[in-house]
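Remarks on the overall topology
So you can see what is in the structure, the chains are spelled out below.
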Amino acid sequence: MELTTVWFILIAVLWTGYFVLEGFDFGVGMLMPVLGRGADGEVRKRVMLNTIGPVWDGNEVWLLTAGGATFAAFPEWYATMFSGLYLPLLIILVALIVRALGFDYRGKSDDPTWRKRWDYAIFFGSAIPALLWGVALTNVVMGLPINAQLEYTGNLFTLLNPIGLIGGLTTVALFLTHGAIFIALKTEGDIRREARAVALKSGAVAALLAVVLLVSINVSTGSFASWITAIVAAVALLAGLFAISRGREGWAFTGTFVSIGAAVATLFLALFPDVMPSSTNAAFSLTTTNASSTQLTLTIMTWVAAIFTPIVLLYTSWTYWTFRRRIGTQHIPAVSVSTAGTKP
Amino acid sequence: MNAVDIARWQFAIVTVYHYFFVPLTIGLSLVVAGFETAWLRHRNPEMLRLTKFFGKLFTINFALGLVTGIVQEFQFGMNWSDYSRFVGDIFGAPLAIEALLAFFLESTFLGLWIFGWDKLSPRLHAGCMWLVSIGTLLSAYFILAANSWMQNPVGFKYNPTTGRAELTDFVAVLTNKVQLVTFPHTITSAWMVGGAFVMAVGLWHLRKPDVGKNASMYRKATRIGAWFTLVSALGVVATGDFQGKVMTEVQPMKMAAAEALYDSEASNAPFSLFTVGSLDGTQEKFSVKVPGLLSFLATGRFDGPVEGINEIKAAYEKQYGADATSRVFSESYTPTIPLTYWSFRIMIGLGMLGALIAIAVLWTTRRDRIPQHRRWLWVVVAMPLLPLFANSFGWIFTEAGRQPWSVFGVMTTTSGVSPNVSAGEVWTSLLTLTLLYAALAVIEIKLLLRFIAVGAPEFEEPVDPADQDESAPLVFAY
């Protein structure tokens, strides 16, 4: 296989890893106001936060690795995409910044106002990237105005077309479902039961949106393989929803995990062999060959990835195993920090 | 200002800001890992309390370093897309490797460390912080390899067909002679910040009237921090000396700009401690000079020759000229002299002052002494900041001194900017990020001060993960 193809697959894998992992912590962030209501809302919020506490940061590194790998393996792709999607990426950056600090800083004061502000940061910081990644990725696959110099010639509103917006709503609905199932899998008590109900509702919406999105993409630019993965995505999602309706959370999570993975695979299969098709003129499209690095760089990077990716997967899995225990309201200590004697 | 200038300001602001958190992360991870290992070895409860205390401060600082780091990786493509196209074949690899080797390691094992007190064996738990510390070093190595390549591009050739720089020797990139001196200089500088922080926090608590039984613990923190600062400072001086000589060799303009030396000196070039000159730095009004010192810094001999700005500029104009076919075009080959001149001095001055203060603190806390005079309060306030700002000015010097180049001798900064990103868009991001960062700085400083004031938590015997109650509250929870 051509090294450029290998690296296209690897970058698709990194984005897939990012969406299947960060997808559920985006979902948890978006569900904070939904499942964190009521008299014990504060404790419920903390239960939810602690399900993703040890892992969200590692999940986000998949994005950084995807970005770095794109830079290394396909510099032209990295340059065109990141400069072209300038404002959406700026919004995503701001969202990811306030969200991460929300996780880390929210519990560092017992002041309700302080916590409420970080709650907003966590909610919007999760919902906005969940939406914008879907919009951006769908647009990249469907083609964007790119000129002969490989520069993006559109603007922010170019991205806000019907199919792009459906893409964004699909990722939001998928991540909501994925997050709700993750909460059901990792908690116990009322919150677990409520999370299951939310997962079924958002899952139904996600299934509908995902079918519209994946069929539209496949009709316009699909291949045999991308049709197959689209079917896998749909079946896995429905199987996951069936499992959650039966209270089988482990299988349900596997279902949404596979479904999101297969949906991302569908987008990348529909994209191949282009990496950024031009809607202006097919001759201006960035492809795996004209956007790639040299053979030498790709060879070195292949060795590095072959050696270190398994190690990363190994210790990441071990982390999830270490924190496998369910969390209930009784596990949440009364004060989250030793702020004794200080005023917020 | 045009789009290029705004993009440069943005890069300067977000990078300097990001680097406020980096040295403390590198320095503190090592100190915290050391404290925890000391606890495991000697079972001194003070060491566990210090581990938890500085561990918490570390995580507050790490969070901001992490989130501002995402901006760093994205902005090459967002604001400097032509640069990214041109260098991606070489520059992208260390960035990707940094993410794969270092970021996963740091993030995953810090998560385990924070939440794993009751889930991991004590040795494994300490091991997590060591891995975080190793992660910070790996991260530094690869990102500095990328930066060193910009300072001294090696292991590549220019391909006129694609118009890009292409990798020919990756080992040469990773063992660039600039990299080999920059890495130890950067790491020891970062350790100095970590040491100074621990020293200042310890001293502040030690001087409090109600320190009581905690005096011995905070004295340990103060003195360990001071020794760490001092030893690191010696490393900074030694590596800085090597670095100066390598820099003179690969970028003579930068050394000339460090001294604002306009005309070459055949020997005994003096180093001025400070100069009062005209605003553009071309006219000298008054200065205090140390004879021969610049020659020594540049060549290792007090009678060594040092080239001046005017001669180097003339040589560059001849060598690079105005070549319309490459991505290089004619600009002034002189960096902003007052900026390089003063940042170089401030870097050295603040660093040396930091080292002297560490010596003074070691002296004043000898045996069982507690420094009572009010002036020591100033030391507490100033201390972490002196080496920290020395770090900032070091970077400002080395980056500003390379201008007008982004890749020395190969590509100018101006030609690397994203051609399709409008001035309005860059203004938007510059203002957004600057305002956001300013607000976050206020929050971060408040949080740090609050948790410094709370002090080390009381000693609690750690829970053994083996015989832990399933329904017991989490030892650490958000």
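As shown above, the structure is provided for reference.
Report on the accompanying structure. Values in this document were obtained by computation on a predicted structure and should not be read as measured data.

Scoring rules and cut-offs
In every chain, residue numbers begin from 1 and rise along the written sequence. To label them, take the chains in the order written and letter them from A, then take the ligands in the order written and number them from 1. The model is predicted, so local features are restricted to residues of pLDDT at least 70 and side-chain atom pairs to those at 80 or more, both for listing and for counting; the totals for chains, interfaces and linings are taken over all residues. In computing side-chain values, all of the structure's heavy atoms are included and hydrogens and water are not. The way it works is that DSSP assigns letters per residue, a run of H or I at least four long becomes a helix, a run of E at least two long becomes a strand, and they are numbered from the N terminus. Only the C-alpha atoms count toward the radius of gyration. The rule for a globule is 2.2 Å times the residue count to the power 0.38. Using a 1.4 Å probe on the protein chains alone, a residue whose accessible area is under 20% of its type maximum counts as buried, one over 50% counts as exposed, and one in between counts as partly exposed. Computed with a 1.4 Å probe, the accessible areas rest on the Shrake-Rupley method; for each residue, only the protein chains presented here act as cover. Each polar contact in these results corresponds to two N or O atoms within 3.5 Å; when the atoms are within protein, one needs to be able to donate a hydrogen and the other to accept it, and residues that are neighboring in sequence are counted only if both atoms are side-chain atoms. Any two residues whose heavy atoms approach within 4.5 Å at even a single point are treated as in contact. We call Phe, Tyr and Trp rings a pair once their centres come within 6.5 Å, taking the six-membered ring for Trp, and we label the pair stacked below 30 degrees between planes, edge-to-face above 60, and tilted otherwise. Consider the ring centre and the ring normal. A charge sits over the ring if Lys NZ or Arg CZ is within 6 Å of that centre and within 35 degrees of that normal. For any pair of parts, buried area is found by adding up, for both, the accessible area (1.4 Å probe) each one loses once the two are put together. The term salt bridge refers to a pairing of a side-chain nitrogen on Lys or Arg with a carboxyl oxygen on Asp or Glu at a separation within 4 Å. The term nonpolar core refers to a set of buried residues drawn from Ala, Val, Leu, Ile, Met, Phe, Trp, Tyr and Cys, joined through side-chain atoms within 4.5 Å. Within the patch definition used here, like charges are joined within 9 Å and nonpolar side chains (Val, Leu, Ile, Met, Phe, Trp, Tyr) within 5 Å, considering only residues with over 30% relative accessible area and no salt bridge.

As for the overall build of chain A
The helix and strand inventory of chain A stands at 11 helices and 2 strands. Order of helices (α) and strands (β) in chain A, N terminus to C terminus: α-α-α-α-α-α-α-α-α-α-β-β-α. In terms of overall dimensions, chain A is globule-like: its C-alpha atoms have a radius of gyration of 21 Å, near the 20 Å expected for 344 residues. Dimensions along the principal axes, computed over C-alpha positions, put chain A at roughly 65 × 45 × 40 Å. Here chain A, with 344 residues, has 62% of them falling under the buried criterion. A total of about 12,500 Å² of accessible surface is found on chain A, and carbon and sulfur atoms cover 71% of it.

Quick word on the side chain of S287 of chain B
All names here are of chain B. Residue placement: S287 occurs in strand β4 (residues 284–290). One polar contact links S287 to K289, side chain to side chain, over a distance of 3.3 Å. Discounting residues that sit within four places of it in the chain, S287 has contacts with S272, F274 and T275.

Quick word on the packing of aromatic side chains
Across all of its chains, the model carries 63 aromatic pairs over all chains by this definition. With centroids separated by 6.1 Å and ring planes inclined at 85 degrees, the aromatic side chains of Y18 of chain A and W133 of chain A adopt a geometry described as edge-to-face. Here W133 of chain A lies in helix α6 (residues 112–142) and Y18 of chain A lies in helix α1 (residues 3–35), a separation of 115 residues in the sequence. Using a relative accessible area of 0% as the deciding quantity, one classes Y18 of chain A as buried. Directly above the aromatic system of F271 of chain B lies the positively charged group of R345 of chain B, at a separation of 4.4 Å from the ring centroid. A cation over an aromatic ring shows up here: R345 of chain B above the ring of Y341 of chain B, its NZ or CZ 3.6 Å from the ring centre.

A closer look at the interface of chain B and chain A
On the side of chain A, 80 residues touch chain B, which itself brings 79 residues to the contact. Here chain B and chain A share an interface that buries about 7,200 Å² over both sides, 71% of which is from carbon and sulfur atoms. Looking at the side of chain B facing chain A, the largest losses of area belong to R85, F104 and Y478 of chain B, adding up to 13% of the total buried there. Across the chain B-chain A interface, the total number found is 3 salt bridges.

With respect to unusual backbone geometry
With omega at 0 degrees, the peptide bond leading from F272 of chain A into P273 of chain A counts as cis. Here P273 of chain A shows up in the loop between α10 (249–271) and β1 (274–276). Between Q403 of chain B and P404 of chain B the backbone carries a cis peptide bond, its omega angle lying at 10 degrees. Among the structural elements, P404 of chain B can be located in the loop between α13 (385–400) and β5 (405–407). Positive phi, close to 65 degrees, is recorded for L150 of chain A, a residue that is not glycine. With respect to the helices, strands and loops of the structure, L150 of chain A is situated in the loop between α6 and α7 (162–186). L150 of chain A sits in the buried class, given a relative accessible area of 15%. Its identity is not glycine, yet R367 of chain B carries a phi of approximately 45 degrees, on the positive side.

What about the nonpolar core?
Counting residues in each nonpolar core, the largest one holds 234 residues, and the members touching the most others are W15, W77 and W133 of chain A together with F54 of chain B. In terms of residue count, helix α3 (residues 81–115) of chain B provides more of this core than any other element does, 19 residues in total. Look past the residues within four positions of W15 of chain A in its chain and what remains in contact with it is L63, A66, T70, M81, W133, V264 and F268 of chain A.

Some details on the environment of V475 of chain B
All names here are of chain B. Structurally, V475 can be placed in the segment after α14 (423–454). Expressed as a C-alpha distance, the spacing of V475 and T168, which sit 307 residues apart in the sequence, is 52 Å. With residues up to four places along the chain from it excluded, the contact list for V475 reads W117, D118 and V463.

Here's the deal with a nonpolar patch on the surface
Residue and element names in this part refer to chain B. Among the surface-exposed residues, L273, F274, V276, F286, V288 and W342 lie close enough to one another that they form a single nonpolar patch of about 530 Å² accessible area. Element by element, the count of residues in the nonpolar patch is highest for strand β3 (residues 271–277), at 3 residues. Within the fold, F286 resides in strand β4.

Keep in mind that these numbers describe shape and distance, not what the molecule does.
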